[in-house]
Structures are given as C-alpha cells and as structure tokens.
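# Residue-level structural notes
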Amino acid sequence: MASNKILCLSLLLAAAAATLAAATGGKLSPAYYSTTCPKALAIVQAGVVAAIQKETRIGASLLRLHFHDCFVNGCEASILLDETASIATEKTAVPNQSVRGYDVIDDIKAELEEACPGVVSCADILTLAARDSVAWMQLGGPSWEVDLGRKDSLTAGRAAVNTSIPPPTFNLTALAASFSSQGLSFRDLISLSGGHTIGVARCVSFRGHIYNDSDIDPSFAESLQQICPRSGSDGVLAPLDLKTPTHFDNCYYRNLLRKQGLLHSDQELFSGNSEANSIVRTYVNQPSVFFKDFVQGMIKMGNIKLLTGSQGEVRTDCRKVN
C-alpha cells in the first residue's frame, strides 16, 4: 500500500511538472520548480556548500563540469552519462579525464529524488551547482538568478568532445572561434576565462607554457619548473591563480598583467591584442565590471542548445537514461 502511494505521488509530481512546462511553452523560468519541488534550490545549494566545506577545490571543479557539459551539444547533462552498450561516455575523452565533481551531483540528485521524485533535471542541477560554487567562493560577491526547466539528454556526445572543448594550447584566435561557435562573444571569452581565478591545473596542461613560451615571467616559469619537469609528474597540480586560488575575485587578470598566467591559453588573453588587453585592464581596475560580465556570460552559456518541454527527459539517475 505504501509503495502504491509513493508511486501515485511520483506520477502526480511528474504530471504537475509537465503541466507547468506546457504552460510556459517549454521556456525556462526561475520559478520552474516553485510548485513541483519548492526546496530544489535550497537542496542544491546545501549540497554544494557541504562539498566545498569538505574540499575547497570542488567549487572550481563544479564550475568546470558545467562548462564541459555545455560546450558539448549544449547544457543537457550528457557529460554525466556512464558508458553503456549504446552510449559512448564523454567522461573518458581526453579533455574530460581530469573533470571532477560527479559524486557531488550524484549526492544532490539523490536528495532531490527523495524530496520530489522525477522532477528536477540533472542539467538544471549542473547549472545551479556552478552558480552556487561561484557565489560561495566569492565570499559575499554577487550571485545571479538561474532560469530553470532544462531537460536531460538521452545520449552522450563523445565524438564532439575533442572538437568542442578548447585545449590549454589554443591561441587567442582559436579560443575566440571556439567560443563563437557556441554563440558566445569575444567579451564572453575574456570574462568566462576569469573562472580560472579558482581551481588548479595539471602539469601536463601548463608544461608547454613554462618551457617553450617567451610570454611568461621568467621567475614564475622557473618556480613552476621546480614542480613540473620536462617529462613525468603529469598530474602535479598548480593553482590557476597564484595569489588567491580559493577566492573568486579579479586576481586572475592581475596575474596576466604580470605575465603570470598558468596556461598558454590564459596568457593569450593579454598578449598583444588591443581589444583583449583593454578588457583585461578593465577587469583589473573595475572588478564589479568583471563580475557583471561574468554573470552575463554564465547565463548565456547556460542557455546553449537546451532541451526543454517534451525534448529529452528528467533522469532519475544522472549516470544513465531512464
């Protein structure tokens, strides 16, 4: 009898969610879950905060997880799918092999399934988790309202990973083209790269920059060479922002002015292009402008190639289709 009641409740919640989606024409809305799962945002935030308090680095990992999802066939949680006979997972593609945070999303999803089964999509969880990570690590800095109502994909896009995720070796022209292909502007590229003000990168990602590039502070390069040899130690980590690696601020751009960008692609943002240089200087001198532009960029990125309405599904387990 109890199991029948739970089943009926699940069906009612799913029907309510479908009704709301139909009423909004499948469009996103900050209030999408206000009736069907009123505690959804609080549950996601609590899960993110608990994960960051356990390991500060995970905030940057969740932000990166969202980016790597959205740049491959849109923000539809395809990156979360595990390998099956019919699905080639995105997780093992080279650009994603160092991506982290899957377990945090699993934990949050489990809480949401207990509170309101079959209602909150994994794609929306990823988007909210990225926002909450930034807001928490800004230590009181601005947050933003997230439109909700994304659906989850029915398959993964492994073949698109290598061509969609810009590698750390890209120059400014290639970076701009990569972002433009996603509908993001040159200014979006500069502002969203500011997400590198938190987190770390592996030696294999910055080795070429510290040994082969001339556009780098010599003492900075030498200090990194002490932990990242010409061969081996690929997994050794260094902070993307040497000054404040656990605080979301504008120090990333200050580092670029000193030629202390960790990745080749970082330093490319301040390497001779007058438009890029001007934007970087603006973010150094006016951090509020950086925050505003970053928020606008995150909102735009979170809307790339969405599945809404009757498209896709709401997975009950983010790692597999229903």
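Quick caveat, the model's predicted, so the values are computed rather than measured.

### Quick word on the overall build of the protein chain
- Along the backbone of the protein chain there are 14 helices and two strands.
- Computed over the C-alpha atoms, the radius of gyration of the protein chain is 20 Å, within 12% of the 20 Å expected from 2.2 N^0.38 for a compact globule of 322 residues.
- The C-alpha extent of the protein chain, read off along each of the three principal axes, is 70 × 40 × 35 Å.
- For the protein chain, long-range pairs separated by at least 24 residues make up 75% of all intrachain contacts whose partners lie at least 6 apart in sequence.
- Accessible surface, the protein chain: about 14100 Å² in total, of which carbon and sulfur atoms supply 55%.
- Side-chain charges of the protein chain comprise 28 positive and 31 negative groups, with the mean position of each set lying 1 Å from the other.

### Overview of the packing of helix α8 (residues 186-193) against helix α13 (residues 274-285)
- Between α8 and α13, the least distance of the axes is 10 Å, while the angle of their chain directions is 45°. Between α8 and α13, the interaxial angle falls into the category oblique. Handedness of the α8/α13 crossing: right-handed. Residues Phe-186, Arg-187, Ile-190 and Ser-191 of α8 form the contact with α13, whose own contacting residues are Glu-275, Ala-276, Ile-279, Val-280 and Tyr-283.
- Across the contact of α8 with α13, the residue classes break down as six nonpolar, one polar and two charged.

### So, the packing of aromatic side chains
- The final tally for this structure, using the stated rule, is 14 aromatic pairs.
- Ring centres of Tyr-32 and Tyr-33 lie 5.0 Å apart, and the angle between their planes is 85°; this geometry places the pair in the edge-to-face category. For the pair shown, Tyr-32 and Tyr-33 are each scored as buried.
- Three or more aromatic residues joined by ring pairs make a cluster, and in this case those are Trp-144, Phe-248, Tyr-252, Tyr-253, Tyr-283, Phe-290, Phe-291 and Phe-294.

### So, the state of the cysteines
- For the structure shown, the criterion picks out four disulfides.
- Between Cys-70 and Cys-75 runs a disulfide, and the two sulfur atoms are separated by 2.0 Å. The S-S bond linking Cys-70 to Cys-75 shows a torsion near 120°; that makes this disulfide right-handed. There is no split in this pair, since Cys-70 and Cys-75 are both buried.
- Looking at the protein chain, its bonded cysteines, counted consecutively from the start of the sequence, adopt the pairing 1-4, 2-3, 5-8, 6-7.

### Focus on the UniProt feature "binding site: substrate" (unreviewed entry) in the protein chain
- As recorded in UniProt, the feature "binding site: substrate" (unreviewed entry) lies at Pro-166.
- Its place among the elements puts Pro-166 in the loop between α6 (158-164) and α7 (172-180).
- Once residues lying within four places of it in the same chain are set aside, the contact partners of Pro-166 are Phe-67, Phe-71, Leu-175, Ser-178 and Phe-179.

### Description of the pattern of salt bridges
- Under the criterion given, the structure shown has twelve salt bridges.
- Residues participating in the shared-partner salt-bridge network are Asp-82, Lys-91, Asp-106 and Arg-319.

### Examining the confidence of the model for the protein chain
- Model confidence for the protein chain is summarised by a mean pLDDT of 91, while 90% of its residues fall at 70 or above.
- Overall, residues 1-25 carries pLDDT values under 50, and its contacts beyond four positions in sequence, including any with other chains, amount to twelve contacts.

### As for the side chain of Asp-293
- Tracing the chain through its elements places Asp-293 in helix α14 (residues 287-301).
- Judged by relative accessible area, which is 5%, Asp-293 ranks as buried.
- Residues in contact with Asp-293, not counting those within four places in the same chain, are Arg-187, Ser-191 and Tyr-283.

### Let's talk about α14
- For α14, spanning 15 residues, the distance from its first C-alpha to its last is 21 Å, which sits close to the expected 21 Å at 1.5 Å a residue.
- Residues of α14 that are buried: Val-289, Phe-290, Phe-291, Asp-293, Phe-294, Val-295, Gly-297, Met-298 and Met-301.
- On its buried face, α14 is in contact with α3 (58-70), α5 (122-137), α8, α11 (251-257) and α13.

### A few points about the environment of Gly-208
- Inspection of the secondary structure puts Gly-208 in helix α9 (residues 203-212).
- For the pair Gly-208 and Arg-158, spaced 50 residues apart in sequence, the C-alpha separation works out to 26 Å.

Thresholds applied
Residues numbered from 1 in each chain as written. Predicted model: local features only at pLDDT ≥ 70, side-chain atom pairs only at ≥ 80, totals over all residues. Heavy atoms only, no water. Helix = DSSP H or I, 4+ residues; strand = E, 2+ residues; numbered from the N terminus. Rg over C-alpha atoms; globule rule 2.2 N^0.38 Å. Contact = heavy atoms within 4.5 Å. Areas by Shrake-Rupley, 256 points an atom, 1.4 Å probe, with all protein chains shown as cover. Lys, Arg positive; Asp, Glu negative; His and termini not counted. Charge placed at Lys NZ, Arg CZ, Asp CG, Glu CD. Axes fitted to C-alpha atoms, helices over the stretch in contact; angles between N-to-C directions. Parallel < 35°, antiparallel > 145°, perpendicular 65-115°, else oblique. Left-handed = near helix turned anticlockwise from the far one by under 90°. Nonpolar A, V, L, I, M, F, W, Y, C, P; charged D, E, K, R; others polar. Phe/Tyr/Trp six-rings, centres within 6.5 Å; stacked < 30°, edge-to-face > 60°. Buried < 20%, exposed > 50% of the residue type's maximum accessible area, 1.4 Å probe, protein only. Disulfide = S-S within 2.5 Å. UniProt positions renumbered as here; feature names shortened; annotations may be inferred. Salt bridge = Lys/Arg side-chain N within 4 Å of Asp/Glu carboxyl O. pLDDT = per-residue confidence, 0-100. Expected span 1.5 Å × (residues − 1).

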